[in-house]
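Structural description and commentary
So you can see what is in the structure, the chains are spelled out below.
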Amino acid sequence: MPGAVGSNWTDFKPQIEQLPQLLPNYTVIAWDPPGYGKSIPPKRNFDLDFFQNDARQAVQLMKALNRPKFSILGWSDGGVTALIIAGRYPENVDKLVIWGANAYVSDEDVNILKGVRDVKNWSARMREPLEKLYGAERFAELWNEWVDSILNIYEKCEGDLCMKEVREIKAKTFILHGKKDPMLAKEHVPYLKQHLRGFKYHEFPDGKHNIHLRYAEEYNKLVANFLLEKS
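Heads up: these notes are all about the structure in this document. Just so it is clear, the model here is predicted, and its values are computed rather than measured. Within each chain, residues carry numbers counting from 1 in the order of the written sequence. Only residues with pLDDT of at least 70 get local features here, since the model is predicted, and only at 80 or more are side-chain atom pairs given and counted; chain-wide, interface and lining totals rely on the full set of residues. With hydrogens and water excluded, all non-hydrogen atoms of the structure serve as input to the side-chain values.

**A closer look at the layout of surface pockets**
In this analysis a 1.4 Å probe is tested at points of a 1 Å grid over the protein atoms alone, and where it fits but cannot get out there is a cavity; an open set with protein on both sides within 12 Å along at least five of seven lines is a pocket; lining residues have an atom within 4 Å of a point. Grid points are joined across faces, edges and corners, and a volume is the space filled by probe spheres set on the points. Quantified by volume, the largest pocket comes out at close to 1100 Å³. Forming the boundary of the largest pocket are 45 residues, of which W75, W122, M126, M183 and H209 lie nearest the centre. Sorting the residues of the lining of the largest pocket by element identifies α1 (8-22), α3 (77-88), α4 (107-116), α5 (124-134), α6 (136-156) and α9 (211-214) as the ones contributing at least two each. To qualify as a helix, a DSSP run of H or I must reach at least 4 residues; to qualify as a strand, a run of E must reach at least 2; elements of each kind are numbered from the N terminus. Ranked by residues supplied to the lining of the largest pocket, first place goes to α5 with six residues. Residues are grouped as follows: nonpolar covers Ala, Val, Leu, Ile, Met, Phe, Trp, Tyr, Cys and Pro; charged covers Asp, Glu, Lys and Arg; every other residue, Gly included, is treated as polar. Broken down by class, the residue content of the lining of the largest pocket amounts to 24 nonpolar, twelve polar and nine charged. The volume enclosed by the second largest pocket comes to roughly 630 Å³. Lining the second largest pocket are 24 residues, with T27, V28, I29, S71 and I72 positioned closest to its centre.

**Regarding empty space enclosed by the protein**
Evaluated as defined, the whole model comprises two cavities of 30 Å³ or more. Taken as a whole, the largest cavity holds about 70 Å³ of empty space. Every residue lining the largest cavity is listed: M1, P2, W31, P33, Y36, R44, F50, F51, D54, D77, G78 and T81. Breaking the lining of the largest cavity down by element, the ones donating at least two residues are α2 (50-64) and α3. Class assignment of the residues belonging to the lining of the largest cavity gives a composition of seven nonpolar, two polar and three charged. Breaking the lining of the second largest cavity down by element, the ones donating at least two residues are β2 (93-99), β3 (172-178) and α8 (188-195). Here the element with the most residues in the lining of the second largest cavity is β3; it accounts for three residues.

**Re the pattern of salt bridges**
Opposite charge on two side chains makes pairing possible when the charged atoms of those side chains draw close. Within this document, salt bridges are pairs made up of a side-chain nitrogen of Lys or Arg and a carboxyl oxygen of Asp or Glu, the two lying within 4 Å of each other. A complete count under the given rule lists twelve salt bridges for this structure. A salt bridge links E165 to R88; the nearest nitrogen and oxygen atoms lie 2.8 Å apart. Taken together, the residues E165 in helix α7 (residues 163-168) and R88 in helix α3 connect sequence positions 77 residues apart. Exposure categories follow from relative accessible area, calculated using a 1.4 Å probe and restricted to protein chains: below 20% of the type maximum is buried, above 50% is exposed, and the middle band is partly exposed. Look at E165 and you get buried, because its relative accessible area is 8%. Overall, R88 belongs to the partly exposed group, its relative accessible area being 43%. Measuring nitrogen to oxygen at the nearest pair gives 2.9 Å for the salt bridge that ties D206 to K180. Placement of the pair is D206 in the loop between β4 (199-204) and α9 and K180 in the loop between β3 and α8, with a sequence separation of 26 residues. By relative accessible area, which is 47% here, D206 ends up partly exposed.

This is how it looks when you write it as structure tokens:
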């Protein structure tokens, strides 16, 4: 499950290409949430409950594909959606892998968002794949719509993204974390550790937000080993 305004190919190319070799008995299904990537139309809907809508539609997709039981790899926004699915639909989730995800929006997160709102200040490496996907103008517009939606949740929902769902999760969970992640307030990983039951943790000391891309080979092996472990 990709991050904010992301798609399966911009966000998960090394996983789509490499995980089938490490997990020959698994099927890798990568989705573009409605309004992102190649799931256009429709236009992206950024209501206060857009994460919950993504979660519901993802479960419907998996049932339509006749895969009612599955494990989830969720990055950043995709990790939020994954936490909601695992909390609301526990019978459908085998294992959960999350990184760069948060259960709520903090004051520090708001400051981080305000600092990255202008995509002109992004590095070319981070910006160009998304500009290629959407066009430069639409990408900037979509990103600003997303930032506004998170600030809206912060103001109108006390920042709550999925705090209730986190407490309901039964699936064995693997939290991966880049210790130098500039996109995630430091309080989020301790919060998840405190409220999740039966989790495994791995930290990349020099990792930032995109550990699965920067350390793709190591990341893929860690995730494959976790999914292959007997529960």
